[in-house]
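Below, each chain spelled out in residue letters.
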Amino acid sequence: LMDEHQVVLKVLDTIEAQLRKRDMEGLWTSVAELENDVTIHSIVKEEGVLFPALRDRLPMGHGLISIVEEEHREFMNLLHTFKVALSEGDILDGIILTVITNLKSHIGK
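Residues numbered from 1 in each chain as written. Predicted model: local features only at pLDDT ≥ 70, side-chain atom pairs only at ≥ 80, totals over all residues. Heavy atoms only, no water.

**Student:** It is not clear to me how the overall build of the protein should be interpreted in this structure. Could you clarify?
**Tutor:** When its secondary structure is counted, the protein shows 4 helices and 0 strands. Ordering the α and β elements of the protein from the N terminus gives α-α-α-α. The C-alpha radius of gyration of the protein comes to 15 Å, within 12% of the 13 Å expected for a compact globule of 109 residues. Seen through its C-alpha atoms, the protein measures out along the principal axes to roughly 45 × 25 × 20 Å. (Helix = DSSP H or I, 4+ residues; strand = E, 2+ residues; numbered from the N terminus. Rg over C-alpha atoms; globule rule 2.2 N^0.38 Å.)

And the structure:
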């Protein structure tokens, strides 16, 4: 899972560069890649396998895992909103910058 975090961080760097260049096509591709990576990593592996194994084994596991699951939902909702805007020809800097900041913080945890 730690290796996958590094892959996501590289995609975030790419998105930041594409955002500065206003590269719509590149952003579309990179955001789709990010969405796929987050889905496989966070939803399938963490929520489907890791969290059920840890929930009852960690002190305050239920609360901690609920917080992380909420972060996952927030990432996915923001990514969806950003993709919809891209499909309409808009780049919503605030939304994608929030995703980048939140994901970096999430990975740091």
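After that view of the structure, there is still more to cover.
**Student:** Is there a simple way to explain empty space enclosed by the protein in this structure?
**Tutor:** Left-over empty space is what a probe sized like a water molecule reveals as it rolls over the atoms. The full count for this structure, using the stated rule, is 1 cavity of 30 Å³ or more. A volume near 50 Å³ is recorded for the largest cavity. Those elements giving two or more residues to the lining of the largest cavity turn out to be α1 (2-21), α2 (24-54) and α4 (93-108). Among the elements that line the lining of the largest cavity, the one with the most residues is α2, at 4 residues. Here the residues of the lining of the largest cavity sort into 4 nonpolar, 4 polar and 1 charged. (1 Å grid on protein atoms, 1.4 Å probe; cavity = no way out; pocket = protein on both sides within 12 Å on 5 of 7 lines; lining within 4 Å. Points joined across faces, edges and corners; volume = space filled by probe spheres on them. Nonpolar A, V, L, I, M, F, W, Y, C, P; charged D, E, K, R; others polar.)

**Student:** Is there a simple way to explain unusual backbone geometry in this structure?
**Tutor:** Most peptide bonds take the trans configuration, and most residues that are not glycine carry a negative phi. The phi dihedral of R22 is positive, around 60°, even though this residue is not glycine. As for its placement among the helices and strands, R22 is situated in the loop between α1 and α2. One non-glycine residue, M60, adopts positive backbone phi at about 60°. In this structure, M60 sits in the loop between α2 and α3 (61-87). In this structure M60 comes out as exposed when scored by relative accessible area, which is 67%. (Buried < 20%, exposed > 50% of the residue type's maximum accessible area, 1.4 Å probe, protein only.)

**Student:** Is there a simple way to explain the pattern of salt bridges in this structure?
**Tutor:** Pairs can form between side chains of opposite charge whenever their charged atoms are close. Within this structure, the stated rule accounts for 6 salt bridges. Between E4 and K45 there is a salt bridge, with its nearest N and O atoms 2.3 Å apart. A residue pair is termed long-range when its members are at least 10 positions apart, and E4 in helix α1 and K45 in helix α2 qualify at 41 residues. For R73, the salt bridge identified is with E70, shortest N-O distance 3.0 Å. Linking R73 with E70, this pair stays in helix α3, spanning 3 residues, or about one helical turn. (Salt bridge = Lys/Arg side-chain N within 4 Å of Asp/Glu carboxyl O.)

**Student:** Help me understand α3, please; the structure alone is not making it clear to me.
**Tutor:** In an α-helix, one turn spans 3.6 residues; hence positions three or four apart end up facing the same way. The end-to-end C-alpha separation of α3 is 39 Å, in line with the 39 Å expected for 27 residues at 1.5 Å each. Remark: G89 follows α3 within two positions and exhibits a positive phi of approximately 85°. (Expected span 1.5 Å × (residues − 1).)

**Student:** Even after reading the chapter, I still don't get the confidence of the model for the protein, so can you show me in this structure?
**Tutor:** Any region with low pLDDT has predicted coordinates that should not be read closely. Here the protein shows a mean pLDDT of 92. Residues at 70 or above account for 100%. Taken element by element, the predicted model of the protein shows its lowest mean pLDDT in α2 (91) and its highest in α1 (94). (pLDDT = per-residue confidence, 0-100.)

**Student:** Sorry if this is basic, but what is going on with the environment of L34 here?
**Tutor:** Along the chain, the position of L34 falls in helix α2. What L34 contacts, discounting residues up to four positions off in sequence, is V8, V11, L12, I15, L79, V99 and L103. (Contact = heavy atoms within 4.5 Å.)

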